[in-house]
Amino acid sequence: MLRIGWFATGRGEGSRGLLRFIHEAIDEGRLHANIEFVFSNREPGEAEGSDEFFDLVRSYNLPLVTLSSSRYRREHGGGSMARHRLGYDREAIRLLQHYRPDVCALAGYMLICSGEMCRRYPLLNLHGALPDGPTGTWQSVIWQLIDSRSKQTGAMIHLATEQVDRGPVLSHCVVPITGDGFDQDWEGLRGRNAADIRDAEGEDFPLFQRIREAGYRREPYLLLETLRAVADGRLRVTPEIALDGSGHPLVQTHPSGLPLTEQIEAALASGKIG
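Residues numbered from 1 in each chain as written. Predicted model: local features only at pLDDT ≥ 70, side-chain atom pairs only at ≥ 80, totals over all residues. Heavy atoms only, no water.

Quick look at the pairing of strand β5 (residues 123–127)
Next up, step 1: Counting buried residues along β5, five of its five residues qualify, which places the element largely inside the surrounding structure.
Next up, step 2: Taken together, the three bridges between strand β4 (residues 103–106) and β5 define a ladder with parallel strand orientation. Residue pairing across strands places Cys-104 opposite Leu-123, the latter belonging to β5.
Next up, step 3: For the crossover from β4 across helix α5 (residues 115–120) to β5, the handedness is right-handed.
Next up, step 4: Where β5 lies against strand β6 (residues 152–159), four bridges are found, and the strand directions are antiparallel. Bridge pairing in β6 places Leu-126 opposite Ile-157. (Buried < 20%, exposed > 50% of the residue type's maximum accessible area, 1.4 Å probe, protein only. Helix = DSSP H or I, 4+ residues; strand = E, 2+ residues; numbered from the N terminus. Pairing = 2+ DSSP bridges. Right-handed = clockwise from strand over helix to strand, strands pointing away.)

Structure below.
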């Protein structure tokens, strides 16, 4: 049985939705795994969103481990989190030392992990772009897609490394952002500069919303299918390398990771995977 560690800040519905989706798949027997622990860089009482996330974790009787990154930063001299990254991660590793996860999912975890953390665990990071696509937050990715008038986007799961959003890719799915439902919203961009729209309308811009929704619907399925591939032995991961089921480096057999678009679209059509 695949042992999963779960890292999440737990800020909002996205974090709760990912955990709920994977837990239900485990509970229904569609993913042969268990969640060993949930770790958050917030603590109870720190924010309403994370408190709701913690309530969900407790309702599933999952072990919850918390270490406030904000408090840690204050107690260690302030400044940016970057200067405290290694010390914070060492303390997190100490708190998690009794767990033995096979993989860890970074599911809405808002900290960049240190090299030491990346070498400690195989950290599966969900990034809302294709392997050769934009880096940065999901908001930044969408604005870059709009600015470049992209015809497609996607999402990928990759191993987290010190090079942000550029670790070995495990899987991906492609999401078209033209055609049905999109063309009218792209018309709203005609003759306008993406930067001006960002300043004037922000995330309320209809095209921004539509692109986000298209990716958001598919991301839980991508994470689930990737975890299933690991549980089934179609993927083998260590903190530094990903192998296919035959033991060959995945970068050689699938340079962009396992292509999961067809499975995910079928799952969306049917309402479930497996």
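Topic: the packing of aromatic side chains
Next up, step 1: Per the stated rule, a full pass over the model turns up eleven aromatic pairs.
Next up, step 2: Considering the side-chain rings of Trp-138 and Phe-208, the 6.0 Å spacing of their centres and the 50° angle between planes classify their relative orientation as tilted. One end of the pair, Trp-138, is in helix α6 (residues 138–147); the other, Phe-208, is in helix α9 (residues 206–231), with 70 residues separating them in the sequence.
Next up, step 3: By relative accessible area, which is 32% here, Trp-138 ends up partly exposed.
Next up, step 4: Three or more aromatic residues joined by ring pairs form one cluster here, namely Phe-7, Phe-37, Phe-39, Tyr-99, Tyr-109 and Tyr-121.
Next up, step 5: Against the face of Trp-143 rests Arg-198, its NZ or CZ located 5.5 Å from the ring centre.
Next up, step 6: Directly above the ring of Trp-138 sits Arg-212, whose terminal nitrogen or CZ lies 4.2 Å from the centroid. (Phe/Tyr/Trp six-rings, centres within 6.5 Å; stacked < 30°, edge-to-face > 60°. Lys NZ or Arg CZ within 6 Å of the ring centre and 35° of its normal.)

Points about the packing of α6 against α9
Next up, step 1: Where α6 meets α9, the axes come as close as 10 Å, and the angle between the chain directions of the two elements is 120°. Here α6 is positioned oblique relative to α9, judged by the angle of their axes. Crossing hand, α6 versus α9: right-handed. Of the residues in α9, those in contact with Trp-138, Gln-139, Ile-142, Trp-143, Leu-145 and Ile-146 of α6 are Leu-207, Phe-208, Ile-211 and Arg-212.
Next up, step 2: Looking at the contact of α6 with α9 residue by residue, the class counts come to eight nonpolar, one polar and one charged. (Axes fitted to C-alpha atoms, helices over the stretch in contact; angles between N-to-C directions. Parallel < 35°, antiparallel > 145°, perpendicular 65-115°, else oblique. Left-handed = near helix turned anticlockwise from the far one by under 90°. Contact = heavy atoms within 4.5 Å. Nonpolar A, V, L, I, M, F, W, Y, C, P; charged D, E, K, R; others polar.)

A few points about the pairing of strand β1 (residues 2–7)
Next up, step 1: With respect to burial, β1 is a largely interior element, five of its six residues being buried.
Next up, step 2: As paired strands, β1 and strand β2 (residues 33–40) are joined by six bridges and run parallel to one another. By the bridge assignment, Ile-4 is partnered in β2 with Ile-35.
Next up, step 3: Of the crossover connections in this fold, the one passing from β1 over helix α1 (residues 13–27) to the parallel β2 is right-handed.
Next up, step 4: Relative to β4, β1 runs parallel, the two sharing four bridges. Residue Trp-6 lies in a different strand from β4, and its bridge partner there is Ala-105.

Details of α1
Next up, step 1: Relative to the 21 Å expected for 15 residues at 1.5 Å per residue, α1 spans 20 Å between its end C-alpha atoms, a close match to the ideal helical length.
Next up, step 2: Within the sequence span of α1, burial applies to Ser-15, Arg-16, Gly-17, Leu-18, Leu-19, Phe-21, Ile-22, His-23, Ala-25 and Ile-26.
Next up, step 3: Buried-residue contacts for α1 involve β1, β2, α2 (48–59), β5 and α9.
Next up, step 4: Immediately downstream of α1, the backbone of Gly-29 shows phi near 80°, a positive value. (Expected span 1.5 Å × (residues − 1).)

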